[in-house]
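Descriptive structure summary
Here is how the chains run, residue by residue.
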Amino acid sequence: GLGDDFAANSVTGGIQEAIDDLPSAGGRVVCSGKTYSPSTAIWLHSGVHLQGAGVGETIIQRSSNSIINGGAANSGAVVACGPKGSNGTVFSSGSAGSNISITNLTLDGNQSTQSGTTAALGPVGIHARWVTGFFVNNVKVINTLQTGYYLSNCHDIHLTNFSADTVGQWSTSSDRNAISLHNADNST
């Protein structure tokens, strides 16, 4: 599906609606070479492949002041992974995900416009937990308040041609990493 096909009245520029419209087995969502300004995290499900037109061409940038206290845990990510039908809930050991990829785009946390956020909101570039077969290729994460790539309990992780710049841009020093791998197996 094409994210732009669902853009009308969407808080994610049509990206989330295109993802949610995919069959249970997943599929590919292609984003145009433009800047999208979602006011919520984009949630990827098992079998979903999010593809842009290129780094610097397709930019998914959190809209100004869209990461606010009182939001759900982990709602501050630019892209997060969770079960289909449960946007806002990360995968867990009892509900793990598989075969998710992100390619050819820039993820921008737009940190300079986010204020008063807490760590519980998880203001990161990519948040993935309990995913087997997680692929990132030709992706740049910029301007996040916390870690660029946060991967926990993921297996068979493949990161190629990826970067993180100006991440961890807040006064809390506990989580300012380009990439955080927790309990990861078989990573390349």
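Above this text you will find the structure in question.
A brief report on the enclosed structure follows. As the structure is a prediction and not an experimental result, all values here were calculated from the model.

Definitions and limits used
Residues numbered from 1 in each chain as written. Predicted model: local features only at pLDDT ≥ 70, side-chain atom pairs only at ≥ 80, totals over all residues. Heavy atoms only, no water. Helix = DSSP H or I, 4+ residues; strand = E, 2+ residues; numbered from the N terminus. Rg over C-alpha atoms; globule rule 2.2 N^0.38 Å. Buried < 20%, exposed > 50% of the residue type's maximum accessible area, 1.4 Å probe, protein only. Contact = heavy atoms within 4.5 Å. Areas by Shrake-Rupley, 256 points an atom, 1.4 Å probe, with all protein chains shown as cover. Lys, Arg positive; Asp, Glu negative; His and termini not counted. Charge placed at Lys NZ, Arg CZ, Asp CG, Glu CD. Core = buried A, V, L, I, M, F, W, Y, C linked by side-chain atoms within 4.5 Å. Pairing = 2+ DSSP bridges. Axes fitted to C-alpha atoms, helices over the stretch in contact; angles between N-to-C directions. Phe/Tyr/Trp six-rings, centres within 6.5 Å; stacked < 30°, edge-to-face > 60°.

So, on to the overall build of the chain. Along the chain, the regular secondary structure elements total one helix and twelve strands. Taken from the N to the C terminus, the helices and strands of the chain come in the order α-β-β-β-β-β-β-β-β-β-β-β-β. For the chain, whose C-alpha radius of gyration is 15 Å, the value lies close to the compact-globule estimate of 16 Å for 188 residues. Principal-axis analysis of the C-alpha atoms gives the chain an extent of 40 × 40 × 30 Å. Residues classed as buried in the chain amount to 49% of the 188 residues present. Within the chain, contacts between residues separated by at least 24 positions form 67% of all contacts whose residues are at least 6 apart in sequence. A total of about 7,600 Å² of accessible surface is found on the chain, and carbon and sulfur atoms cover 47% of it. Computed over 7 positive and 11 negative side-chain charges, the inter-centroid distance for the chain is 4 Å.

Here we take up the nonpolar core. Nonpolar side chains tend to gather and get buried jointly when the protein is soluble and globular. In this structure, L44, L50, I60, L107 and F134 are the most contacted members of the largest nonpolar core, which totals 33 residues. Per-element accounting of this core gives the leading share, five residues, to strand β9 (residues 131-144). Those residues in contact with F134 that lie beyond four places of it in its chain are C81, I100, I102, I126, A128, L151, H155, D156, I157 and H158. Membership of the second largest hydrophobic core comes to seven residues, among which are A41, W43, A77 and Y150.

This part takes up the environment of C154. Within the secondary structure, C154 sits in the loop between β10 (149-152) and β11 (155-167). With relative accessibility at 0%, the residue C154 sits in the buried group. Residues C154 and H182, spaced 28 residues apart in sequence, show a C-alpha to C-alpha distance of 8.0 Å.

Further remarks concern the sheet that holds strand β8 (residues 126-129). Spatially, β3-β6-β8-β10-β12 is the arrangement adopted by the five strands of the open sheet, whose pairing is parallel. At either margin of the open sheet sits one strand with a lone partner, and together these are β3 (42-44) and β12 (179-182). Across this sheet, the average inter-strand angle for adjacent strands is 10°, counted without regard to direction. In terms of strand pairing, β10 meets β12 through four bridges, oriented parallel. In the sheet register, Y150 faces β12, and the bridge partner there is S180.

Applying the stated criterion across every chain, the model contains one aromatic pair. Between the aromatic rings of Y149 and F162, the centroid separation amounts to 5.3 Å while the plane-to-plane angle is 80°, which identifies the pairing as edge-to-face. With a gap of 13 residues between them, Y149 in strand β10 and F162 in strand β11 connect regions that are remote in the sequence. A relative accessible area of 1% means that Y149 is categorised as buried.

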